[in-house]
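Coordinate analysis (summary)
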Amino acid sequence: MTWSVWQVSPFITSIFFILGVFTLYQVIYDGLKTLLHARNIKIDDDLLNSWLGVIYMLIFIFSMQATLVGTPISWQFMNFQLIALIFCAYFLNIHVRWYYLIPLMLIYMIFNGSIIYWESWCHGLTLMIFYLTLNYFRRHQKMIIHLCIIFW
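This text gives an overview of the structure that appears in the document. Every chain's residues receive numbers from 1 upward, in the order its sequence appears when written. Under the rules for a predicted model, residues below a pLDDT of 70 receive no local features and side-chain atom pairs below 80 are neither given nor counted, while totals for whole chains, interfaces and linings still include all residues. Just so you know, side-chain values use all the structure's heavy atoms and leave hydrogens and water out.

Some details on the packing of helix α3 (residues 45–66) against helix α5 (residues 98–112)
Stated formally: Note on geometry: axes are C-alpha line fits, over the in-contact stretch for helices, and angles between N-to-C directions span 0 to 180 degrees. Comment: elements are numbered from the N terminus, with helices defined as DSSP H or I runs of at least four residues and strands as E runs of at least two. Each angle receives one of four descriptions, namely roughly parallel if under 35 degrees, roughly antiparallel if over 145, roughly perpendicular if within 65 to 115, and oblique otherwise. Handedness of each helix crossing follows the sense of rotation of the near helix against the far helix: counterclockwise by less than a right angle gives left-handed, clockwise gives right-handed. Two residues qualify as a contact provided that any one of their heavy atoms is within 4.5 Å of a heavy atom in the partner residue. Each residue is assigned to one of three groups, with Ala, Val, Leu, Ile, Met, Phe, Trp, Tyr, Cys and Pro labelled nonpolar, Asp, Glu, Lys and Arg labelled charged, and all others, Gly among them, labelled polar.
At a minimum axis separation of 10 Å, α3 and α5 run at an interaxial angle of 20 degrees. Classified by the interaxial angle, the pair formed by α3 and α5 is roughly parallel. Every pair of crossing elements has a handedness; the one defined by α3 and α5 is right-handed. Contacts between α3 and α5 involve Leu58, Ile61, Phe62, Gln65 and Ala66 from the former and Leu104, Ile107, Tyr108, Phe111 and Asn112 from the latter. Looking at the contact of α3 with α5 residue by residue, the classes come out as 8 nonpolar, 2 polar and no charged.

Take a look at the structure:
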């Protein structure tokens, strides 16, 4: 859509979009963390980061897709969903077990009206594997860096 309407590459649009998504998340997270600490509410910052990140991404993805369901351009926003996965997996370091992703994927496909299409199943499986791979690399980052140094 960005290419045909505004003559801007979708890749460039995605970069600025993720910067906005990340900045908005950081502002919300810092404000909530400051508010909770000011009221002496004991909560682990990593736990707050994880829960807020999951809720933020779910609201973000479902609200964006809600405006596009049933339109011929709904598939064009898949790159933003990939960005949301990268955001959750790498930047927020959120660990979601693989068996929780299956019901989320089914709910999203029902919501989007694409559960009967084989392409949606392939796309959902690809996103799930991509998220799990990024999450694995994030958790084992030091080991991977050491292996790269050794083989270099």
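Describing unusual backbone geometry
A positive phi is found at Asn40, a non-glycine position, where the angle reads about 55 degrees. Its location among the elements puts Asn40 in the loop between α2 (10–38) and α3.

A look at the side chain of Asn49
The test is simple: In protein, a polar contact means a hydrogen-donor-capable atom and an acceptor-capable atom, both N or O and within 3.5 Å, with residues adjacent in sequence counting only if both atoms are side-chain atoms; elsewhere, any N or O pair within 3.5 Å suffices.
Note on placement: Asn49 falls in helix α3. A polar side-chain atom of Asn49 sits 2.4 Å from a polar atom in the side chain of Tyr25. Among all residues touching Asn49, those that are not within four sequence positions of it are Tyr25, Tyr29, Leu92 and Ile94.

Comments concerning the environment of Asp46
Just so we agree on the cut-off: Relative accessibility thresholds used throughout: buried, under 20% of the residue-type maximum; exposed, over 50%; partly exposed, between the two (1.4 Å probe, protein chains only).
Relative to the assigned elements, Asp46 resides in helix α3. The exposed category is assigned to Asp46, whose relative accessible area is 54%. Linking Asp46 and Ile94, residues 48 residues apart in sequence, is a C-alpha distance of 8.9 Å.

Some thoughts on the packing of aromatic side chains
Defined as follows: Aromatic rings from Phe, Tyr and Trp, taking only the six-membered ring of Trp, are treated as a pair when their centres fall within 6.5 Å; an angle between ring planes under 30 degrees marks them as stacked, one over 60 as edge-to-face, and anything in between as tilted.
Going through the model one piece at a time under the given rule, you end up with 6 aromatic pairs. With centroids separated by 5.8 Å and ring planes inclined at 80 degrees, the aromatic side chains of Trp98 and Tyr99 adopt a geometry described as edge-to-face. Pairing Tyr99 with Tyr100 gives two aromatic rings, centres 4.9 Å apart and planes at 55 degrees, and the pair type is tilted. A relative accessible area of 42% means that Tyr99 is categorised as partly exposed. One aromatic cluster is present, formed by Tyr25, Tyr29 and Tyr56 through successive ring pairs.

Some points on the environment of Asp45
Its location among the elements puts Asp45 in helix α3. Looking at Asp45, the relative accessible area reads 28%, which means it is partly exposed. Put simply, Asp45 and Lys33 are 12 residues apart on the chain and 7.4 Å apart in space, counted from C-alpha to C-alpha. Ignoring anything within four residues of it in the chain, the contact list for Asp45 reads Tyr29, Lys33 and His37.

Points about a nonpolar patch on the surface
To be explicit about the condition: Patch membership needs two things, relative accessible area over 30% and no salt bridge, and members are linked within 9 Å if like-charged or within 5 Å if nonpolar (Val, Leu, Ile, Met, Phe, Trp, Tyr). The accessible surface values rely on the Shrake-Rupley method and a 1.4 Å probe; as for residues, cover is taken only from the protein chains in view. Here, a salt bridge means any side-chain nitrogen of Lys or Arg that lies within 4 Å of a carboxyl oxygen of Asp or Glu.
A cluster of nonpolar side chains, contributed by Tyr136, Phe137, Met143, Leu147, Ile150 and Phe151, occupies part of the molecular surface with about 660 Å² of accessible area. Residue assignment for the nonpolar patch shows that the elements contributing at least two residues are α6 (118–139) and α7 (141–151). With 4 residues, α7 is the single largest residue contributor to the nonpolar patch. Mapped onto the fold, Leu147 is located in helix α7.

Examining α3
Applicable threshold: Helix span, expected: 1.5 Å multiplied by one less than the number of residues in the helix.
Compared with an ideal rise of 1.5 Å per residue, which puts 22 residues at 32 Å, α3 spans 31 Å between its outermost C-alpha atoms and is within 8% of the ideal. Listing the buried residues of α3 in full gives Leu48, Asn49, Leu52, Gly53, Tyr56, Met57, Phe60, Ile61, Met64 and Gln65.

Overview of the nonpolar core
The condition that has to hold: In plain words, nonpolar cores are sets of buried Ala, Val, Leu, Ile, Met, Phe, Trp, Tyr and Cys residues tied together by side-chain atoms within 4.5 Å.
Tyr25, Met57, Phe60 and Phe87 are the most contacted members of the largest nonpolar core, which totals 23 residues. For this core, the secondary-structure elements that each account for two or more residues are α2, α3, α4 (78–91), α5 and α6. Looking at which element gives the most residues to this core, the answer is α3, with 7 residues. The residues contacting Phe87, other than those within four sequence positions of it, are Ile18, Phe22, Tyr25, Tyr56, Met57 and Leu92.

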